[in-house]
Amino acid sequence: MFGWHGKMIRVDLTTGAVSVEEVDSQVAKDFIGGRGWAIKALYDEVDAGVEPLSPDNKLIFGTGPLTGTPAPTGNRYMVVTKSPLTGALSCSNAGGVFPTEMKRTGFDQFMFEGRATRPVYLWVHDDEVEVRPAEHLWGKTVPETVKVLLEETDPRAKVACIGPAGERLVRIAGIMNDEHRAAARSGVGAVMGSKNLKAVVVRGTTSVPLAEPEAMKDLCRTVRAEVKADVKKGSSLREYGTAYVPIVTNEIGILPTRNFQTGVFEGVEGITGHVLTERYLIRPKACFGCPIACGRLTRVDDPVYGGQGEGPEYETIAALGSGCGLDNLAAVTKANYLCNELGLDTISIGMTLACAMEMVEKGVLPQEDVGRSLRFGDADAVIDLIGKTAYREGFGDALAEGSYRLAERYGRPEFSITAKKLEFPGYDPRGAKGMGLLYATSNIGASHMAGDLAYPEVFGVPERVDPLSTDEKPRLIKRFEDAFAVIDAAGLCVFLSVRYFFDPKVDLWPTRLTQLMNYATGAGYTEEELLRAGERIFNLERLFLLKAGFTGKDDTLPRRMLEEPMPDGPAKGHVVELGQMLPEFYRLRGWDEDGVPTGAKLTELDLTGL
Amino acid sequence: MDIQLKLFATYRRYLPPESQGSVCDLGVPAGTRVADLLAEFGIPADGSVILVNGHGAGPERSLDSGDVVAVFPSMAGG
């Protein structure tokens, strides 16, 4: 095989047995890799009704055929499992260097099953695979864990691990790699913790075989030259990271503010990119082989909020900043460092805290239950409760369940701004209607990464569409969801892919991406086949959700989004007209009126007989 | 008439020195178009997202007193 190694490692943590398996070449092509291979394996091997934190759930780390190749931003991996937060799919993506190093071990995918009786970690050094004891690491933070593991394996190795939050089965715990990058969303860290798997450490020297290395090199050189020219003209992502975004979303009135009570934040100038760059940035930091470098290596010199680390990115600022009513970027940055060290999803903890703050504000949540004051804008409360959540101490034990279970406990689930129990990211869909349809129909719940229509609705990439209109949104969301499934499965980052690997039209036609895939794999994809593979992945994920008990009724949004008009700003008066968009979306997807794929659609996608 | 100009991300470099944060208050002649503003400050129209009062607008848009014009580059460089 080219592009793919065609091999995966299966680790039975209950017995400690490790086996190497070959991947069928037709499955490899039909499901692309990463996210696609993972859902195929999960669907085939795991009862969709499984309790997510039981040994019967499986945890999959998957790279794609472009991970570890010269393809710019070919540095991603996916973590796929059944989510303990949502009961739906977890499908979480991260970059950094770990994914490339993992691919260079000579294996495309690691699958973990069962549960170790004692804490362990996996050490993979090329084809040497070893399950090692990790009792000495249990309880350690992410930086402490990485330090010890590099000492006892290889200083050149790369580490993905959980922090105290994952160990304590916090439902919003992520998996950190390279210390600061996160496969954050929907509780993948808790699944890893439930398996007593503290870390995965990789060191690889096997290069990825390419079908057409010269053609690959030429195309990558062209793309890099284009990116370089654009960066030279002025790259917002290079200069400010994604932190430049709050002021943009605020301007169109969709910056989540005080638990989505409004979309404009009076303190936005204090939490936006130029403040980060001028005050706290040490230097931009790139994932492996990335010509953009949107990562932020930062240091805050402050008696209360001082520290050094990476971040914050936009989503973190939207959740822990404006979402919680905080206009103090030093405090948001400190909160970000803590989440990285303890292994928490910054979006979900930020929005869960915001939910709790609103419940206190509205008199639903008694302050004595919290054990301290908890008001919008209270930075010290945010930082204190992040620590308590990771360790499940006091009220942190309730926050550790995520906002839906928290709000439900007090009989007011409407205060949880979630879809399928996953906290919203940083775009209020009342002012970006396509994002509303995306949150409602994504297979992991409210994720922007499942088909980020903010590109055209907010950023004008590849071309601008009216964010307040529902016209064309069902068609665009279908295309974006399918195209993003391809990007994820291929092992690429969306930041560069949307602009440089698709034609510059909003329909996202994958001309260059198809070339890249063929130069890597030699599989002879057409553009249509590649998008159909994305659609196949999306539909198989949907089938997993349906088997897990989800129905079309779950393709919905919180009452606030559907019935409470945005109170002010450019989106004033708007709600999400989901009822207008959803039937058309189902029709375009080839699903029946209950959101179930028709037999004809499954036949078209070769998904029959599963 | 008085308007407000906001320049975000890398376009901050086009802000006049008296600006506060990302914002500059301007007095402009009646009938001023977005394109006139862009030209005055040397802001490229190509590859830019233009908002007037938070809603998408083209360079030919005529401005009214009190309008807020925000401009930023569509995501070049990724």
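Before reading further, recall that the structure is shown in the block above.
Below is a short write-up of the structure. (Residues numbered from 1 in each chain as written. Chains lettered and ligands numbered in written order. Predicted model: local features only at pLDDT ≥ 70, side-chain atom pairs only at ≥ 80, totals over all residues.)

With that settled, consider the overall build of chain B. Along its length, chain B carries one helix and five strands. Starting at the N terminus and walking to the C terminus, you meet the elements of chain B as β-β-α-β-β-β. Taken over the C-alpha trace, chain B has a radius of gyration of 12 Å; the compact-globule value for 78 residues is 12 Å, and the two agree within 12%. Along the three orthogonal principal directions, the C-alpha set of chain B runs to about 35 × 25 × 20 Å. At a minimum sequence separation of 6, the contacts of chain B that also span at least 24 residues come to 59%. (Helix = DSSP H or I, 4+ residues; strand = E, 2+ residues; numbered from the N terminus. Rg over C-alpha atoms; globule rule 2.2 N^0.38 Å. Contact = placed C-beta atoms within 7 Å.)

All names here are of chain A. With antiparallel pairing, three strands are arranged side by side in an open sheet as E13-E14-E15. Unpaired on one side and paired on the other, strand E13 (281-285) and strand E15 (307-310) mark the two borders of the sheet. Each adjacent strand pair in this sheet contributes to an overall mean axis angle of 10 degrees, direction not counted. Of the strands in this sheet, E13 and strand E14 (295-300) are in contact with helix H10 (residues 273-280), which crosses E14 at around 60 degrees. (Pairing = 2+ DSSP bridges. Axes fitted to C-alpha atoms, helices over the stretch in contact; angles between N-to-C directions.)

Our focus in this paragraph is the packing of helix H11 (residues 314-321) of chain A against helix H13 (residues 346-361) of chain A. Residue and element names in this part refer to chain A. Taken N-terminus to C-terminus, the directions of H11 and H13 make an angle of 15 degrees; their axes are 7 Å apart at the nearest point. Here H11 lies roughly parallel to H13, going by the angle between them. With respect to the hand of their crossing, H11 and H13 are arranged in left-handed fashion. Listed contacts from H13 to Glu315, Thr316, Ala319 and Leu320 of H11 are Thr346, Ile347, Gly350 and Met351. By residue class, the composition of the contact of H11 with H13 is four nonpolar, three polar and one charged. (Parallel < 35°, antiparallel > 145°, perpendicular 65-115°, else oblique. Left-handed = near helix turned anticlockwise from the far one by under 90°. Nonpolar A, V, L, I, M, F, W, Y, C, P; charged D, E, K, R; others polar.)

So, about the pairing of strand E7 (residues 120-125) of chain A. Residue and element names in this part refer to chain A. The element E7 is largely enclosed, with a buried count of five among its six residues. In textbook terms, the turn of a hairpin is the stretch between consecutive antiparallel strands, and for E7 and strand E8 (residues 128-133) this stretch comprises two residues, one of which, aspartate 126, has a positive phi near 50 degrees. With six bridges connecting them, E7 and strand E12 (residues 197-203) associate as parallel partners. Following the sheet pairing, valine 124 is matched in E12 by valine 202. (Buried ≥ 20, exposed ≤ 12 C-beta atoms within 10 Å, placed from the backbone.)

All names here are of chain B. Strand order in the open sheet made by the five strands is E2-E1-E5-E3-E4, with mixed pairing throughout. The open sheet has two free edges, formed respectively by strand E2 (23-27) and strand E4 (55-56), since each of these has just one partner strand. With four bridges connecting them, strand E1 (residues 2-7) and strand E5 (residues 68-73) associate as parallel partners. Counterpart to lysine 6 in the pairing with E5 is alanine 70.

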